[in-house]
Amino acid sequence: MRMEDILMLLGGLALFLYGMQMMSNGLETAAGNKMKSILEKLTSNRIKGVVVGAVITAVIQSSSATTVMVVGFVNSGLMTLNQAVWVIMGANIGTTITGQLIALDIGAIAPLIAFGGVAAITFVKNERVRHISEIFAGLGVLFIGMGMMGDAMQPLQQSETFVNFMTKASNPVVGILVGAIFTAVIQSSSASVGILQALAGTGVIPLSSAVYVLFGQNIGTCITAVLASIGTKTNAKRATVIHLMFNIFGSILFTFISMLTPFVSWVEALSPGNTVAQIANVHTIFNIGTTVLLFPVSNWIITLAKKLGRVEECTQEDDVVLLDDRMLQTPGIALQSTVTEIVRMGNIVAETLKESKEVLFTKSEETIKSIKEKESVVDKLSAGITDYAIKITALQVSEKEHQDVAHLLQVVSDMERICDYCENISECAEAMRERKLEFSEIATEEIKQMMDVCVESYLYAKEAFFEKSSEKAVKVIEKETLADDLEVRLRNKHIKRLANNQCNAETGIFYLDTLVSMERISDHARNIAEEIMNPEN
């Protein structure tokens, strides 16, 4: 090849990869909220798991990225190993969409598609239109790069050295190794399959050799997940082992099928004379076929993965933030993971609040210690979630997702402050225990009344956030208004008792401190509710 051809090849590869990334970003950003709802629908149902894996991978255009996210989910406890198996199976199907898009052969109008997309991005202000335009611009750029690579590879037809090398690829072992190593280097099976399609389109490599390279590419794509699993917990490593086993088994199976049956001839008959489409079809048949064959024995795969991935299990501390940077590759899903972590934090705050409701009357040393420990956990979770949410805003996310992050940060702040006030109440209980102070019977009933209202206010706020329920958010505001009125009324009654020497002045200080803490808790619960009721959320 001449230097000009090499430069054209590199330029075409750059455009191809950039176009793929551009299209992926556009798809992902346009589908941001749908990505979250897709994840929420992930259940123990195998079929749904496979569909979820296929859809997410089709959107982000990379089975490697999906598998890396799965490793993150399993590592964070957001997904079981069973669910991971099905999502990985689906991811292998979803990744074939890129090859099928390339097989459409719209190279002649690719410049027009790219121009239309870029023009819309430049001149149209509507954010959704811009994201959709980015998809088309990326598709156009991808095909322009594909065309450049094809033109640059044309001289290879006359290169005796290269033709001899490609002849060796007809050996299954050599072909699989070439495909695996090349894909491991560029860490994208979609990109490596696209390059193989460009090469095959020039006629340099026949389908009979290309199939083995393709099988190897499916193994090579596992390297990204293998690297991502370094430093993760046991089940996350097992998810990586499952991905590797799936593709190795499929490669071995289809290698024998290709050697012992007229498989290649059957595929060629589907789209005669179109090697690019033939490779896309082999890729699709390979992944769907492997999924169908392994689907009934997924439990056996999990058992085997557990044996192969037998390493020391780490204990998960409550204060560890279960958010993984691997999920930042897909901001929509990273955002949903943040919500899930806030749910966990919100539940800890609820437990702390329920303990605070009793601690003033029991003055239990064990409960006081428990409240302080939970407050420390919530502080760590708050800091970790905030840092992670800020990382999301630095990514390419829509304006709506920016607003979502802002709302979540406010909710985290309010939950953390509620836990602070719970600790204040426990400190009052501790001080009263040390000084052997007790509330009067009237004061006890009044504080219990105030606590009931404020605890209910937060519990409604928590449910309103978890369920996105405006109805429960309205109940929070009703409870908070009641808490405000109650605080003023109880404070006035207490001052009258003090004036009439009906209660101890020192105990009265703790009484007022508790009223203030509870009223502030209801204020922060209202803040959470208002975030839910905000029409922008």
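Just above sits the structure.
This one's a predicted model, so the numbers in the text were calculated from it and none came from an experiment. (Residues numbered from 1 in each chain as written. Predicted model: local features only at pLDDT ≥ 70, side-chain atom pairs only at ≥ 80, totals over all residues. Heavy atoms only, no water.)

Description of the overall build of the protein chain
Let me state the cut-off plainly: Secondary structure follows DSSP: runs of H or I at least 4 residues long count as helices, runs of E at least 2 residues long count as strands, and numbering of each begins at the N terminus. Relative accessibility decides the category of a residue: with a 1.4 Å probe and only protein chains considered, values under 20% of the type maximum give buried, values over 50% give exposed, and everything between is partly exposed. Any two residues having at least one pair of non-hydrogen atoms within 4.5 Å are treated as being in contact. Note that accessible areas follow from Shrake-Rupley with a 1.4 Å probe, and for residues the cover is restricted to the protein chains shown.
Summing up its helical and strand segments, the protein chain has 23 helices and 0 strands in all. Counting only residues that meet the buried cut, the protein chain has 53% of its 537 residues in that class. If you take every contact in the protein chain between residues at least 6 apart in sequence, the share linking residues at least 24 apart comes to 82%. Accessible area for the protein chain stands at about 23400 Å²; split by element, carbon and sulfur atoms hold 59% of it.

Describing the side chain of Ser457
Within the fold, Ser457 resides in helix α21 (residues 441-467). Contact partners of Ser457, with chain neighbours within four places excluded, come to Val476, Lys479, Glu480, Ser522 and Ala525.

Looking at the side chain of Thr507
Looking at the secondary structure, you find Thr507 in helix α23 (residues 505-533). Residue class for Thr507 comes out buried when judged on its relative accessible area of 7%. In this view, Thr507 contacts Met432, Leu437, Glu438 and Phe439; residues no more than four positions away in its chain are not counted.

Thoughts on the pattern of salt bridges
What counts is decided by this rule: Note on definitions: salt bridges are taken to be side-chain nitrogens of Lys or Arg within 4 Å of carboxyl oxygens of Asp or Glu.
All chains considered together, the criterion is met by 16 salt bridges. The shortest N-O distance in the salt bridge between Glu341 and Arg344 comes to 2.7 Å. Of this pair, Glu341 and Arg344 both sit in helix α18 (residues 331-362), 3 residues apart, which is roughly one turn of that helix. In this structure, the salt-bridge partner of Arg520 is Glu519, at a minimum N-O distance of 4.0 Å. For Glu519, a relative accessible area of 13% puts it in the buried group. Salt bridges sharing partners connect three or more residues here, namely Glu446, Lys493 and Arg497.

Focus on unusual backbone geometry
Positive phi, close to 55 degrees, is recorded for Lys436, a residue that is not glycine. Note on placement: Lys436 falls in the loop between α20 (399-435) and α21. By relative accessible area, Lys436 is classed as exposed at 73%.

Regarding the packing of helix α19 (residues 365-393) against α20
Test applied: Fitted lines through C-alpha atoms serve as axes, helices being fitted only where they are in contact, and the angles separating the N-to-C directions of these axes extend from 0 to 180 degrees. With respect to orientation, any angle under 35 degrees is reported as roughly parallel, any angle over 145 as roughly antiparallel, any angle of 65 to 115 as roughly perpendicular, and every other angle as oblique. Helix crossings are classified by the rotation of the near helix relative to the far one: an anticlockwise turn of less than a right angle makes the crossing left-handed, while a clockwise turn makes it right-handed. Amino acids outside the nonpolar list (Ala, Val, Leu, Ile, Met, Phe, Trp, Tyr, Cys, Pro) and the charged list (Asp, Glu, Lys, Arg) are all regarded as polar, and Gly is one of them.
Their axes nearest at 9 Å, the elements α19 and α20 cross at an angle of 165 degrees. Judged by the inter-axis angle, α19 sits roughly antiparallel to α20. For the crossing formed where α19 meets α20, the hand is left-handed. Split by residue class, the contact of α19 with α20 holds 12 nonpolar, 5 polar and 10 charged.

Some points on the nonpolar core
Side chains that are nonpolar tend, in soluble globular proteins, to be buried together. Our working rule: Throughout this description, the term nonpolar core refers to a set of buried Ala, Val, Leu, Ile, Met, Phe, Trp, Tyr and Cys residues connected via side-chain atoms within 4.5 Å.
Core analysis: the largest hydrophobic core is formed by 89 residues, its most contacted members being Leu360, Met415, Tyr458 and Phe465. Sorting elements by how many residues they give to this core places α20 first, with 14 residues. In this view, Phe465 contacts Val339, Ile342, Val343, Leu408, Val411, Met415, Ile528 and Ile532; residues no more than four positions away in its chain are not counted.

What about the state of the cysteines?
Covalently bonding the sulfur atom of one cysteine to the sulfur atom of another cysteine gives a disulfide. The test is simple: In this description, the term disulfide denotes a pair of cysteine sulfurs within 2.5 Å.
For the structure on display, the rule yields 0 disulfides. Cys422 takes part in no disulfide bond, and the closest cysteine sulfur, belonging to Cys419, lies 5.4 Å away.

Brief notes about a nonpolar patch on the surface
So the rule is basically this: Patches were defined on residues exceeding 30% relative accessible area and lacking a salt bridge, with like-charge contacts within 9 Å and nonpolar side-chain contacts (Val, Leu, Ile, Met, Phe, Trp, Tyr) within 5 Å.
Among the surface-exposed residues, Val173, Leu177, Ile181, Phe182, Val185 and Ile186 lie close enough to one another that they form a single nonpolar patch of about 550 Å² accessible area. In this structure, Ile181 sits in helix α10 (residues 172-186).

Regarding the environment of Ile97
Tracing the chain through its elements places Ile97 in helix α6 (residues 96-102). Note on Ile97: relative accessible area 35%, which makes it partly exposed.

Focus: the packing of aromatic side chains
To keep things clear, this is the line we draw: Note on aromatic pairs: the rings of Phe, Tyr and Trp (six-membered ring only in Trp) are paired at centre separations within 6.5 Å, and the planes decide the class, stacked below 30 degrees, edge-to-face beyond 60, tilted for the rest.
On inspection of all chains with the given rule, the structure shows 7 aromatic pairs. Their ring planes at 75 degrees and their centres at 6.3 Å tell us that Phe439 and Tyr511 sit as a pair that is edge-to-face. Here Tyr511 lies in helix α23 and Phe439 lies in the loop between α20 and α21, a separation of 72 residues in the sequence. Ring centres of Phe465 and Phe466 lie 6.0 Å apart, and the angle between their planes is 65 degrees; on these two criteria the pair is classed as edge-to-face.

Digging into the packing of helix α11 (residues 189-201) against helix α16 (residues 275-294)
The geometry of α11 relative to α16 is characterised by a closest axis approach of 8 Å and an angle of 145 degrees between their N-to-C directions. Pair α11 / α16 crosses with right-handed handedness. Two secondary-structure elements touch here, α11 through Val193, Leu196, Gln197, Ala200 and Gly201 and α16 through Thr275, Val276, Ile279, Ala280 and His283. For the contact of α11 with α16, the class distribution of residues is 6 nonpolar, 4 polar and no charged.

As for the environment of His494
With respect to the helices, strands and loops of the structure, His494 is situated in helix α22 (residues 470-499). Looking at His494, the relative accessible area reads 2%, which means it is buried. Measuring from C-alpha to C-alpha, the distance between His494 and Ala443 comes to 8.0 Å, with 51 residues separating the pair along the chain. Setting aside chain neighbours within four positions, we find His494 in contact with Cys503, Gly508, Tyr511 and Leu512.

A word on α22
Our working definition: Between the first and last residue of a helix there are one fewer steps than residues, each counted as 1.5 Å, and that sum is the expected span.
Its 30 residues give α22 an end-to-end C-alpha distance of 44 Å, which sits within 8% of 44 Å, the value for a rise of 1.5 Å per residue. Listing the buried residues of α22 in full gives Ala473, Val476, Ile477, Glu480, Ala483, Leu486, Glu487, Leu490, His494 and Arg497. Residue Asn501 follows α22 closely and has a positive phi angle near 55 degrees.

Any functional reading would require information beyond the geometric quantities listed.
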